[in-house]
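# Report on the structure
Chain residues, written in single-letter form:
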Amino acid sequence: MCVFCLIHYRRVFSTVYFFYIHACTYVTSFVITVKAFLRAWDDLCGATGGRPTLVIPHGKEFLLSPLSFKGPCKSKNLWIQLQGTLVAPGSMNAWDDNNKEKWIQFMQVNGLTIYGGGQIDGQGKIWWDYCQYIYAIQALSFHSCNNLRVSGLQHVNSQKNHISINGCNDVDISHLKITAPEESPNTDGIDISASNHLQIHDSFIGTGDDCVAINGFSSYINISRVLCGPGHGISIGSLGKGGAYETVEEVHVEDCTFKGTMNGARIKTWKGGRGYARKISFERIRMINAGNPIIIDQTYVNRMAAASTDEEYDAWSSSSSGDVEISDVSYKGVIGSSTDARAVYFNCGDGAGCRNIVVEDVEMTSAVAGKQLFAVCNNAHGTSSADRSPRVPCLLP
């Protein structure tokens, strides 16, 4: 593995500062690489004026241990041009107990753009095989980064989430290719929490979990022209675990395709949770052999997370009451094929249930020749103008 440590910069046209990292030696340790990146980051973060840019060159691999790029920085117009490949350590021994949550992290950096066609390789298989329920490493994470732009990158085989967005405002993510094996656990493509005003578009995401997961206290999320699959679909939630109060609103998904996914357009909330999920729309959606194309589950439960024994689970289930309120959800122009005969499933809680659910122009066929599709509703209120397969006559007024 070639490690890179020489850094220099030059000024171009009096407006752009380029910081380069170049090859210097072949070594077995990656300590030098981390120091090189942090030294380059210090220079980049401290630059003023123009457009400071860190260039990671094409055709080179950088072996990186966990590291954090921290702000605030002097400039609000920072650029990272990733053309090479960033590679996580291939051995679990390279990680200590204090850094088993994040691999590459940006914190409190405003006005950051990352682009360039390079690759981020999490080498996640060692984690999938041995530690899927112990550690939760996020490959590339952003915390409190406003005015963020990420485009043109390839992400492969993350340890857990490929990209995590937390506490960010004004984010644009586009032209990404995110891949991991279908059987890789918990490898969400993009995981969003406590963030607002995000655009995700023109990307391919195929992993072992949600293509996009939208968690609590997030709003004004627009997702368009995303090809999702394999994976678990695009999910709002899960929300309300352990009775928590969580909210999500103004999420709009349009012109997306789900191919070979376990779920399609999904909203999932825990029994006993509080808060709301509202003003959510899925429009002009194509399903290609997708399971659970349209699903709301207001009684979602991760059995392992809820209890370790049947007795604990029964006690937890009987003691949980209340629901995260779900309202103002629309599905318009959903077409394609479903691997499940139950193509529409609104499983709402016994309390207030789900309100103002709108189904229009939904037309799907079964991926299994000769099977008829149908809808199932439990305490779901709304309207349906679907006059083709599957009909949705079970919505309550």
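Since this is a predicted model, take the numbers as computed values, not measurements.

## What about the UniProt feature "active site" (unreviewed entry) in the protein?
- Annotation from UniProt places "active site" (unreviewed entry) at His 232.
- Among the structural elements, His 232 can be located in the loop between strand 20 (218-228) and strand 21 (234-239).
- Non-local contacts of His 232, meaning those with residues more than four positions away in its chain, are made with Gly 208, Asp 209, Asp 210, Met 262, Asn 263 and Arg 266.
- At 3.3 Å, the side chain of His 232 and the backbone oxygen of Gly 208 are in polar contact.

## Focus: unusual backbone geometry
- A cis amide bond, omega 5°, links Gly 71 with the succeeding residue Pro 72.
- With respect to the helices, strands and loops of the structure, Pro 72 is situated in the loop between strand 5 (67-70) and strand 6 (78-82).
- Here His 175, not a glycine, exhibits a phi torsion of approximately 55°, which is positive.
- Structurally, the position occupied by His 175 is in the loop between strand 15 (169-174) and strand 16 (177-179).
- Located in the positive-phi region is Asn 356, a residue other than glycine, with phi close to 55°.
- By secondary structure assignment, the location of Asn 356 is in strand 29 (residues 354-360).
- On the accessibility criterion, Asn 356 (41% relative accessible area) is partly exposed.

## Re the nonpolar core
- Ranked by size, the top nonpolar core spans 93 residues in total, and within it Phe 106, Phe 142, Ile 165, Tyr 331 and Phe 346 carry the most contacts.
- Aside from chain neighbours lying at most four places away, what touches Phe 106 is Trp 41, Phe 69, Ile 80, Leu 112, Ile 114, Leu 140, Ser 141, Phe 142, His 143 and Cys 145.

## Observations concerning the state of the cysteines
- In total, this model carries four disulfides according to the counting rule given.
- Covalent S-S linkage joins Cys 348 and Cys 354, the inter-sulfur distance amounting to 2.0 Å. Note on the Cys 348 and Cys 354 pair: the S-S dihedral is about -110°, so by sign convention the disulfide is left-handed. Both residues of the pair, Cys 348 and Cys 354, belong to the buried class.

## With respect to the pattern of salt bridges
- One pass over the full model with this rule turns up 10 salt bridges.
- One salt bridge in this structure joins Asp 170 and Arg 149, with 3.2 Å as the shortest N-O distance. On the criterion of sequence distance, the pair formed by Asp 170 in strand 15 and Arg 149 in strand 12 (residues 148-151) is long-range, its members being 21 residues apart.
- A salt bridge links Asp 255 to Arg 284; the nearest nitrogen and oxygen atoms lie 2.8 Å apart. Pair noted here: Asp 255 is in the loop between strand 22 (245-254) and strand 23 (257-259) and Arg 284 is in strand 25 (residues 274-290), with a separation of 29 residues, a long-range link.
- Here Arg 284 falls in the partly exposed class, since its relative accessible area comes to 42%.
- Each member of the salt-bridge network shares a partner with another, and the members are Glu 254, Asp 255, Glu 283 and Arg 284.

## Quick look at the sheet that holds strand 11 (residues 138-143)
- Read across the sheet, 11 strands follow the order 5-8-11-14-17-19-21-24-26-28-31 without closing on themselves; strand pairing throughout is parallel. Of all the strands in the sheet, the pair left with one neighbour each is strand 5 and strand 31 (374-378). Taken over all neighbouring pairs, the strand axes of this sheet differ in orientation by 15° on average, direction set aside.
- In terms of strand pairing, strand 28 (residues 342-347) meets strand 31 through five bridges, oriented parallel. Considered in strand 31, the bridge of Asn 347 is made with Asn 378.

## Some points on the side chain of His 155
- Checked against the element boundaries, His 155 lands in strand 13 (residues 154-156).
- Of the residues examined, His 155 reaches a relative accessible area of 1% and is grouped as buried.
- When residues no more than four places from it in sequence are discounted, the contact partners of His 155 are Ile 120, Leu 140, His 162, Ile 163, Leu 176, Lys 177, Ile 178 and Thr 179.

## Focus: the packing of aromatic side chains
- With the rule as written, the count across this model stands at 10 aromatic pairs.
- Here the aromatic rings of Phe 106 and Phe 142 are separated by 5.4 Å at their centres, their planes lie at 15°, and the arrangement is stacked. You can see Phe 106 sitting in strand 8 (residues 102-107) and its partner Phe 142 sitting in strand 11, a full 36 residues away along the chain.
- Here Phe 142 falls in the buried class, since its relative accessible area comes to 2%.
- Pairwise contacts between aromatic rings join Trp 41, Phe 69, Phe 106 and Phe 142 into one cluster.
- The aromatic ring of Trp 79 is capped on one face by Arg 51, whose charged end is 4.1 Å from the ring centroid.

Rules and cut-offs
Residues numbered from 1 in each chain as written. Predicted model: local features only at pLDDT ≥ 70, side-chain atom pairs only at ≥ 80, totals over all residues. Heavy atoms only, no water. UniProt positions renumbered as here; feature names shortened; annotations may be inferred. Helix = DSSP H or I, 4+ residues; strand = E, 2+ residues; numbered from the N terminus. Contact = heavy atoms within 4.5 Å. Polar contact = N/O pair within 3.5 Å; in protein donor to acceptor, adjacent residues only side chain to side chain. Buried < 20%, exposed > 50% of the residue type's maximum accessible area, 1.4 Å probe, protein only. Core = buried A, V, L, I, M, F, W, Y, C linked by side-chain atoms within 4.5 Å. Disulfide = S-S within 2.5 Å. Salt bridge = Lys/Arg side-chain N within 4 Å of Asp/Glu carboxyl O. Pairing = 2+ DSSP bridges. Axes fitted to C-alpha atoms, helices over the stretch in contact; angles between N-to-C directions. Phe/Tyr/Trp six-rings, centres within 6.5 Å; stacked < 30°, edge-to-face > 60°. Lys NZ or Arg CZ within 6 Å of the ring centre and 35° of its normal.

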